[in-house]
Amino acid sequence: MIDISSLEKEALTLIKEAKDVKSLEELRLAYLSKKGKVQELMAKMRELPKEEKPAFGQKVNELKNELTTALKAKEEELKGDLLKESLKKEKIDISLDAYTPSYGTLHPLTLMSQAIEDCFIGLGYQVAEGPEVELDYYNFEKANIPKVHPARDMQYTFYIDPSTLLRTHTTAIQMRVLEKAHGKMPIKLICPGKVYRRDNDDATHSHQFMQVEGLVVGEGITLADLKGTLQFMVDSLFGKGRAIRFRPSYFPFTEPSVEVDMSCHVCGGKGCSTCKGTGWIEILGSGMVHPNVLKMAGIDPQKYTGFAFGVGIERLAMLKYGIKDIRDLYTNDIRFLKAFKHFD
Ligand code: DAH
């Protein structure tokens, strides 16, 4: 009697226990190849009596099929394990620290411009802009500074041609705004922007700097409104508790003209190096819009009055952030700029 079932058992056990694809292939060769054990069984068929041959042949065929199926199944299983293992090995370790980009910070001039704008937008002001390459007409003539007026010497100017220049002050925008209003009142605006002057650069001067112009025109506007408005601005930029005072001054486009001082935010008015011992710091120029300026814009100065002011943004930023040299604001040293991170 040829023992098929023990061969079957033995083969199935070995297949089941196979550890890898290679040993599985060895088993396939051992059992199913031409010289394999199943083929050997076939060879033995010759020794059997004729009537047993078909049944035996069928059994051997079944065994062959069974082992083929078992080998295939095991192969799939092993390949699956292999895949799982390689997936495990190739897993991306997402717990690693990601690259953290270094964030930029707002420039101190941007911070100060935004603080001024926020303050006035909160009071219902509009924001207007104008060209940096400006006509002499708006920069000077409409501001009550005719061609031969000595006040032109107050602001050394970069001329492009006799009638075109780089604006020396944001007052030029004020003149455009007044003209564009076509007499429609009231006007309540701030105008921020860059301005240019033929100054030599040093710790407190720059040939290019920034200003914000303020303008309010309507019925019954007085110097008291100007003072209240500027006090509100100082409170919101430097914190409550700073006093302001008006000093008589001269600007061709305002009458009366005043320069505005704020009590020193460093020493509280006692006197220190920031306020040069005086307790006061000059912060801006302002006044009541000159009747000539209103007239030139087609506004009746008998009916309407207005106040205006012009403030240097660098100056306020330097005071607020304790910057000693205006050039630091333009040389873009990243270490300097990063120091303002906590004001963002
Ligand atoms: N334009 C002046 C300057 O640049 C500043 C200024 C003074 C603006 C008085 C005004 C003002 O609107 O009323 O020096």
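Before reading further, recall that the structure is shown in the block above.
Residues numbered from 1 in each chain as written. Predicted model: local features only at pLDDT ≥ 70, side-chain atom pairs only at ≥ 80, totals over all residues. Heavy atoms only, no water.

**Remarks on helix H5 (residues 108-121)**
Working step 1: Taking 1.5 Å of rise per residue, the 14 residues of H5 would be expected to cover 20 Å, and the 20 Å separating its terminal C-alpha atoms lies within 8% of that figure.
Working step 2: What H5 keeps buried is the set Pro-108, Leu-109, Leu-111, Met-112, Ser-113, Ile-116, Cys-119 and Phe-120.
Working step 3: Where H5 is buried, its residues touch strand E5 (187-196), strand E6 (208-218), helix H8 (223-238), strand E10 (305-312), helix H10 (313-321) and helix H11 (334-338). (Helix = DSSP H or I, 4+ residues; strand = E, 2+ residues; numbered from the N terminus. Expected span 1.5 Å × (residues − 1). Buried < 20%, exposed > 50% of the residue type's maximum accessible area, 1.4 Å probe, protein only. Contact = heavy atoms within 4.5 Å.)

**Observations concerning the pairing of E10**
Working step 1: Buried residues dominate E10, accounting for 6 of its 8 residues.
Working step 2: As paired elements, E6 and E10 share 8 bridges and run antiparallel to each other. When the sheet's bridge partners are listed, Gly-218 is paired in E10 with Thr-305.
Working step 3: Sheet analysis places strand E9 (residues 280-289) next to E10, joined by 5 bridges and oriented antiparallel. In the sheet register, Ser-286 faces E10, and the bridge partner there is Phe-309. (Pairing = 2+ DSSP bridges.)

**Quick word on the nonpolar core**
Where a protein is soluble and globular, its nonpolar side chains tend to be buried together.
Working step 1: Core analysis: the largest hydrophobic core is formed by 45 residues, its most contacted members being Ile-116, Phe-120, Ile-283, Leu-284, Phe-307, Phe-309 and Leu-316.
Working step 2: Contributions of two or more residues to this core are made by H5, E6, H8, strand E8 (254-263), E9, E10, H10 and H11.
Working step 3: When neighbours within four sequence positions are excluded, Phe-309 is seen to be in contact with Phe-120, Val-212, Glu-213, Gly-214, Leu-226, Leu-230, Leu-284, Gly-285 and Ser-286.
Working step 4: Membership of the second largest hydrophobic core comes to 27 residues, among which are Ile-145, Met-185, Ile-187 and Ile-299. (Core = buried A, V, L, I, M, F, W, Y, C linked by side-chain atoms within 4.5 Å.)

**Re the site of the ligand**
Working step 1: Neighbouring residues of the ligand: 16 residues in total, closest His-169, Thr-171, Arg-197, Gln-211 and Glu-213.
Working step 2: In this structure, Thr-171 approaches the ligand through a side-chain N or O atom, which is 2.8 Å from a nitrogen atom.
Working step 3: Because more than half of its atoms lie within 2 Å of the grid, the ligand is assigned to the largest pocket.
Working step 4: Elements represented by at least two residues in the shell around the ligand include exactly helix H7 (171-180), E6, E9 and E10. (Near = heavy atom within 4 Å. Polar contact = N/O pair within 3.5 Å; in protein donor to acceptor, adjacent residues only side chain to side chain. 1 Å grid on protein atoms, 1.4 Å probe; cavity = no way out; pocket = protein on both sides within 12 Å on 5 of 7 lines; lining within 4 Å. Sits in = over half its atoms within 2 Å of the grid points.)

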